Amino acid sequence: MTVAPFALMQLSSGLFASKTLAVAVQLDVFSMAAGDGITVEEFAAARELRTRPAGMLLTGCASLGLLEKDGDRFLASPLAREYLVPGTRYYFGDFVTMLDERVYAGWMRLAEAVHTDAPTVWDSAQRDSLFDDADPVTVRTFWRGMHSLSTYTARAVAEAYDFGSVRRLLDVGGGGAAFTIELCRAYPTLQATVYDLPFVCEQTAERIAEAGLSDRITCVAGDFFAEEKLPGGHDVALLSSVLHDWSAAENQVILDKVAAVLPDGGRILVAELLMDDDESGPAPAALFNLLMLVETRHGRNYTGATYERWLRRAGCAAVERVPVAGVSANALVVGTVAQP
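How each quantity is defined
- Residues numbered from 1 in each chain as written.
- Predicted model: local features only at pLDDT ≥ 70, side-chain atom pairs only at ≥ 80, totals over all residues.
- Heavy atoms only, no water.
- Helix = DSSP H or I, 4+ residues; strand = E, 2+ residues; numbered from the N terminus.
- Axes fitted to C-alpha atoms, helices over the stretch in contact; angles between N-to-C directions.
- Parallel < 35°, antiparallel > 145°, perpendicular 65-115°, else oblique.
- Left-handed = near helix turned anticlockwise from the far one by under 90°.
- Contact = heavy atoms within 4.5 Å.
- Nonpolar A, V, L, I, M, F, W, Y, C, P; charged D, E, K, R; others polar.
- Buried < 20%, exposed > 50% of the residue type's maximum accessible area, 1.4 Å probe, protein only.
- Arc of directions from axis to C-beta.
- Pairing = 2+ DSSP bridges.

Caption draft 1: Geometry of unusual backbone geometry. The residue after G281, namely P282, is reached through a cis peptide bond having omega -5°. Topologically, P282 is positioned in the loop between β7 (267-272) and α13 (283-295). Within the chain, E279 stands out as a residue other than glycine whose phi angle is a positive 55°. Its place among the elements puts E279 in the loop between β7 and α13.

The structure is reproduced here in structure tokens:
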């Protein structure tokens, strides 16, 4: 029997599912369906749609497991209620929106990125990196999306690794503070510093205040490339989804600076979607690797062996890997610093 092409059909039509989800998030389908559900007519009237496209969208969401059908009513599935209703703790919709509004157009130019080795999500002739965007709306969409992507993984990291002995945590490139917020919730004695670019810190302070953790999490504005020394006084440093944005040489610079401000026995935690050491996968890391092609000048997803090599060069005497059941990281690579 020959191999059937069903897997190829699923791969080639993947955009159908992702855009169905994105439009449903945009129209706030899942909030409307979270209670007693909605009919096609109710949804169409609320969003000023015709019943034909309204019904097609709801049916599409049901086929993807995002809605459940009960008679003529569509109800949010457990997955949608947990992650796609705005205001829920681990709301994922901001990441969906960020991809739809910012990334998909560049991703559709993947062939161009493969041929030119240049990002397609933003114009590399006008900016130095994806973090230089001056448009406040785009910036807010990006960082809200990153927080949405990170928060569930942050919980997974808190469960996978024991932070009980950590006194002060330095979250390097901590973005919207998703990791520090979750870790501080899980470990009541933990104090943390989020170190990131000034315009990121402005938004991050809002997130920290909303979480009621302003007394335990501090924001320090800075640039780990421009500044000679990072903030001191911490016993553990975390780099979550940071190093995949940069080249090998740039990452060694970052890790060297991080190790320099940690005490003997201090730990560096790298949370990433690791590539297999033979670079054959896994698929989430390999596809995210291609996202780095369209998003960055020199970034990529790296193997655990690569991170181990960099950490040892930075002065770590011991390195271990800890599996993580997260969506933006599948492991922690932990290096223990040995100061001379």
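This is not the end of the story, as more comes after the structure.
Caption draft 2: Layout of the packing of helix α9 (residues 136-160) against helix α11 (residues 198-210). Running from amino to carboxyl end, α9 crosses α11 at an angle of 55°, the nearest separation of the two axes being 11 Å. Comparing the axis directions of α9 and α11 gives the class oblique. Handedness of the α9/α11 crossing: right-handed. Contact residues: α9 offers V139, R140, W143, R144 and H147, while α11 offers F199, V200, Q203, E206 and R207. By residue class, the composition of the contact of α9 with α11 is 4 nonpolar, 2 polar and 4 charged.

Caption draft 3: Representation of helix α4 (residues 40-47). For α4, every residue scored as buried is listed here: V40, F43 and A44. For α4, the arc enclosing every buried residue in end-on projection is 100°, short of the 170-degree limit, so these residues lie on one face. Exposed and facing more than 90 degrees away from the buried side of α4 are E41 and A45. Where α4 is buried, its residues contact α3 (29-32), α5 (51-63) and β2 (73-76). Two residues or fewer past α4, E48 is found with a positive phi of approximately 55°.

Caption draft 4: How the structure looks around the sheet that holds strand β5 (residues 217-221). Read from one edge to the other, the open sheet built from 7 strands follows the order β5-β4-β3-β6-β7-β9-β8, with strand pairing classed as mixed. The strands lining the two open edges of the sheet, one partner per strand, are β5 and β8 (316-323). The average undirected angle you get between the axes of adjacent strands in this sheet is 20°. In terms of strand pairing, β7 meets strand β9 (residues 331-337) through 6 bridges, oriented antiparallel. Counted as the bridge partner of I268 is G335 from β9.

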